Amino acid sequence: MKTVYITRREHFNAAHKLWNEEWTSEKNEAVFGKCSNKNWHGHNFNIFVTVKGIPSADTGFVINLKDLSQIMKKYVVEALDHKNLNLDVPFMKGVLASTENLVMKIWEEIEEPIRAAGGVLAKIKLEETENNYVEYYGGNEPF
């Protein structure tokens, strides 16, 4: 059998502010621009979680997409939707709320539940805007 990659998409809305506490207001504004707005700003995020594996002889599945959907809803959507990433999300406490940092923290949250469901987390793509997204492979090279 050969390895197959399967991806599930979910959506959430969240607010954040990019701000380095070690810097002056002027430097934060110079580096982060509008993203350093003292009153926060929000995004309509799309997240794509890719799981790899060999399809089961019994089901033909790499992972049951119902299980993957439930994991994503519990650990990502419920944790992040309509939340302030800087203030409301325990796993983001003390972490600068960039999309790059967010995707790495999401990986930490869902890797084990996906493994328990029989899959191997291969990639997360997190779209912040229609023009900006990050891809994370758990610190490994792509595929």
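Scroll up a little and you will see the structure.
Described in the following lines is the structure provided in the data block. No experiment lies behind these values; they were computed from the predicted model shown. (Residues numbered from 1 in each chain as written. Predicted model: local features only at pLDDT ≥ 70, side-chain atom pairs only at ≥ 80, totals over all residues. Heavy atoms only, no water.)

What to know about helix α2 (residues 65-80)
At Lys73, α2 shows its strongest bend, of approximately 40°. Every buried residue of α2 is listed here: Leu68, Ser69, Ile71, Met72, Val76, Val77 and Leu80. Buried residues along α2 sit in contact with β1 (4-16), β2 (41-53), β3 (83-84) and α3 (99-116). Capping the start of α2, Asn64 holds a side-chain oxygen 2.8 Å from the backbone nitrogen of Lys66, two or three residues further along. The first or second residue beyond α2 is His82, which carries a positive phi of 55°. (Bend = angle between axes of the 7 residues up to and from the residue. Helix = DSSP H or I, 4+ residues; strand = E, 2+ residues; numbered from the N terminus. Buried < 20%, exposed > 50% of the residue type's maximum accessible area, 1.4 Å probe, protein only. Contact = heavy atoms within 4.5 Å. Polar contact = N/O pair within 3.5 Å; in protein donor to acceptor, adjacent residues only side chain to side chain.)

Things to note about the pairing of strand β4 (residues 120-127)
In terms of burial, β4 is largely enclosed, as seven of its eight residues are buried. Judged from the seven bridges that link them, β2 and β4 form a sheet pairing that is antiparallel. Residue pairing across strands places Ile47 opposite Leu126, the latter belonging to β4. Between the end of β4 and the start of strand β5 (residues 133-136), which pair antiparallel, lie five residues. (Pairing = 2+ DSSP bridges.)

Looking at the environment of Met104
Along the polypeptide, Met104 turns up in helix α3. With relative accessibility at 31%, the residue Met104 sits in the partly exposed group. With 77 residues separating them along the chain, Met104 and Lys27 place their C-alpha atoms 25 Å apart.

Some points on the packing of aromatic side chains
This model, assessed by the stated rule, comprises three aromatic pairs. Ring centres of Phe12 and Phe45 lie 4.8 Å apart, and the angle between their planes is 15°; on these two criteria the pair is classed as stacked. Placement of the pair is Phe12 in strand β1 and Phe45 in strand β2, with a sequence separation of 33 residues. Side by side, Phe12 and Phe45 carry an identical accessibility label, which is buried. Their ring planes at 80° and their centres at 5.3 Å tell us that Trp107 and Tyr136 sit as a pair that is edge-to-face. Residue Trp107 is found in helix α3, and its partner Tyr136 is found in strand β5; the two are separated by 29 residues along the sequence. Sitting over the face of the ring of Trp40, Lys17 holds its NZ or CZ atom 4.7 Å from the ring centroid. Over the ring of Tyr133 we find Lys125; its NZ or CZ atom is 4.2 Å from the centre of that ring. (Phe/Tyr/Trp six-rings, centres within 6.5 Å; stacked < 30°, edge-to-face > 60°. Lys NZ or Arg CZ within 6 Å of the ring centre and 35° of its normal.)

Describing the environment of Lys52
Checked against the element boundaries, Lys52 lands in strand β2. Judged by its relative accessible area of 32%, Lys52 is partly exposed. Leaving out residues up to four positions away in the same chain, Lys52 has contacts with Thr3, Val4, Tyr5, Val62, Gly119, Val120 and Ala122.

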